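Residue-level listing of the chains:
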Amino acid sequence: MDDLRTFISGLPKAELHLHLEGSLEPELMFALAKRNQVDIPFADVEEISAAYNFGNLQDFLDIYYQGANVLVSEQDFFDLTMAYMKRVHRDSVAHVEVFFDPQTHTDRGIDFGSVIGGITGALKKAQGDLGITSKLIPCFLRHLSEEAAFEMLESAEPYLEFFGGVGLDSSEMGNPPAKFEKVFKAAKDKGLRLVAHAGEEGPAAYVWDALDILHVDRIDHGNRALEDEALTARLVREQITLTVCPLSNLKLCVVKNLGDHPLRRMLDLGLCATINSDDPAYFGGYINDNYLAVAQALSLGRAQLVTLAKNSFAGSFLNDKDKCEHMSAIDRYAERFN
Ligand code: ADE
Ligand code: ZN
């Protein structure tokens with residue numbers, strides 16, 4: 001197994017499903033609470049970690065939004081983003097497409113420009129210092145109204161040059177993709193790419209609707225798509241990328257144990273599945289922890305890990321030339337192990 005760990009460790013990869021607010025480690029949460037004099041209901045870092053037991057997505061979201069309250073200044077967003085970039089540099093991540101939730105911050109009176117300034121400042125520095133390229137994807141919170149989503153899109157107008165696309169996250173059940181049809185159309189008209197969480201807890205019908213009503217380029221999670229044969233066949237035929245998050249699925253009880261995880265079945269069916277960490281500070285692992293845990297649980301070998309890493313670039317919003325270069329780097333890396 002050490003061989004597999006070594007192989008994963010240096011394998012070039014992209015992360016396509018990461019919520020920046022979900023990379024807020026307990027230590028940084030505690031430090032920022034102090035710096036900004038924000039009350040959090042935890043006495044110390046150990047108490048924060050001990051609270052991370054979730055029965056479902058909503059249990060997690062309640063704690064995640066509470067944690068995000070410590071993010072106040074541009075410097076806070078810079079520190080959060082830089083900590084994530086430094087951490088995944090150790091995991092041989094070459095490209096990231098990161099989510100953030102503007103409404104979580106602007107609804108608390110935080111200036112949109114400070115959020116963007118901090119995040120993009122760190123992404124730019126990470127490209128210079130660490131060589132990691134990135135795209136930034138603001139997500140609409142689906143538990144809020146479409147009108148609120150339009151307000152977010154309007155406030156984002158001055159910063160469009162920084163965005164690779166828009167996403168849809170938060171409480172899935174009861175908030176179907178159709179609720180956001182018009183705002184997704186408006187985002188597309190602005191030249192933005194589109195992604196949406198679908199089929200994490202919600203039914204396969206939400207995945208159909210993300211494709212047919214929102215016209216997304218990628219599906220975030222997509223686990224429950226496998227319950228529908230016609231949908232699975234379409235995802236294979238159109239090679240729609242699924243950004244799968246194994247440790248998240250385990251922590252949020254989407255699967256009972258990793259041995260039951262559908263990732264192997266997804267690969268066997270020819271789906272364009274990728275491995276990602278979702279909210280690593282809350283779910284017990286960054287991207288390589290996800291690769292290793294699922295490889296061990298499902299007996300994946302080097303060939304499947306190479307496919308997963310290639311899928312991560314194929315499904316990214318990079319241009320074709322950059323995608324080809326990353327895929328060649330993966331081939332060169334894998335050859336060293338033959
Ligand atoms: N926001 C942060 N993580 C999320 C997830 N896994 N599903 C939906 N919304 C989220
Ligand atoms: Zn997510």
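The paragraphs below set out a description of the structure included in this document. (Residues numbered from 1 in each chain as written. Chains lettered and ligands numbered in written order. Predicted model: local features only at pLDDT ≥ 70, side-chain atom pairs only at ≥ 80, totals over all residues. Heavy atoms only, no water.)

## Side note on helix H5 (residues 74-89)
Rule in force here: Only DSSP runs of H or I reaching four residues or more are called helices, and only runs of E reaching two or more are called strands; each is numbered from the N terminus. Here, expected helix span is obtained from the residue count minus one, scaled by 1.5 Å. Exposed residues in this analysis have more than 50% of their type's maximum accessible area, buried residues have under 20%, and partly exposed residues fall in between, with area computed by a 1.4 Å probe over protein chains only. Residues are treated as being in contact if the distance between any of their heavy atoms lies within 4.5 Å.
A rise of 1.5 Å per residue sets the reference length of H5, with its 16 residues, at 22 Å; its end C-alpha atoms lie 22 Å apart and thus fit the reference within 8%. Considered for burial, the residues of H5 that qualify are Asp76, Phe77, Leu80, Thr81, Met82, Tyr84, Met85, Arg87 and Val88. Buried residues along H5 sit against strand E1 (13-19), helix H2 (26-36), strand E2 (93-100), helix H6 (102-106), helix H7 (112-130) and helix H15 (287-298).

## Quick notes on the site of ligand 1
We count it as follows: Distances are taken per atom, and a residue is near a molecule or strand as soon as one of its heavy atoms is within 4 Å of it. Throughout this description, a polar contact denotes any pair of N or O atoms lying within 3.5 Å of each other; where both atoms belong to protein, one of them has to be capable of donating a hydrogen while the other can accept it, and for residues adjacent in sequence the pair is counted only when both atoms sit in side chains. Each accessible area value is a Shrake-Rupley result obtained with a 1.4 Å probe; residue values ignore everything except the protein chains displayed when judging cover.
Taken together, His19, Leu57, Phe60, Leu61, Tyr64, Asp169, Ser170, His197, Glu200, His221, Asp278 and Asp279 form the complete shell of residues around ligand 1. Separating a nitrogen atom of ligand 1 from a side-chain N or O atom of histidine 19 is a distance of 3.3 Å. The separation between a nitrogen atom of ligand 1 and a polar side-chain atom of aspartate 278 is 2.7 Å. Across the complex, the protein chains shield 100% of the 260 Å² of accessible surface that ligand 1 would expose by itself.

## Here's the deal with the pairing of strand E8 (residues 272-275)
For clarity, the threshold we go by: When DSSP finds at least two bridges between two strands, those strands are taken to pair.
Burial along E8 is two-sided: Cys272 and Thr274 facing one way and Ala273 and Ile275 facing the other are all buried. Note that strand E7 (residues 241-244) and E8 share four bridges and pair parallel. Counted as the bridge partner of threonine 243 is threonine 274 from E8.

## Examining helix H8 (residues 146-156)
Condition: The directions from the helix axis to the C-beta atoms are what the arc is built from.
Those residues of H8 that sit buried are Glu146, Ala148, Ala149, Met152, Leu153 and Ala156. Down the axis of H8, the sector holding all buried residues measures 155 degrees, keeping them to one side. In H8, the exposed positions angled more than 90 degrees off the buried face are occupied by Glu147 and Glu154. Contacts made by the buried residues of H8 are with H6, H7, strand E3 (133-141) and helix H9 (181-189).

Everything listed here is a matter of coordinates, which is why it stays silent on function.
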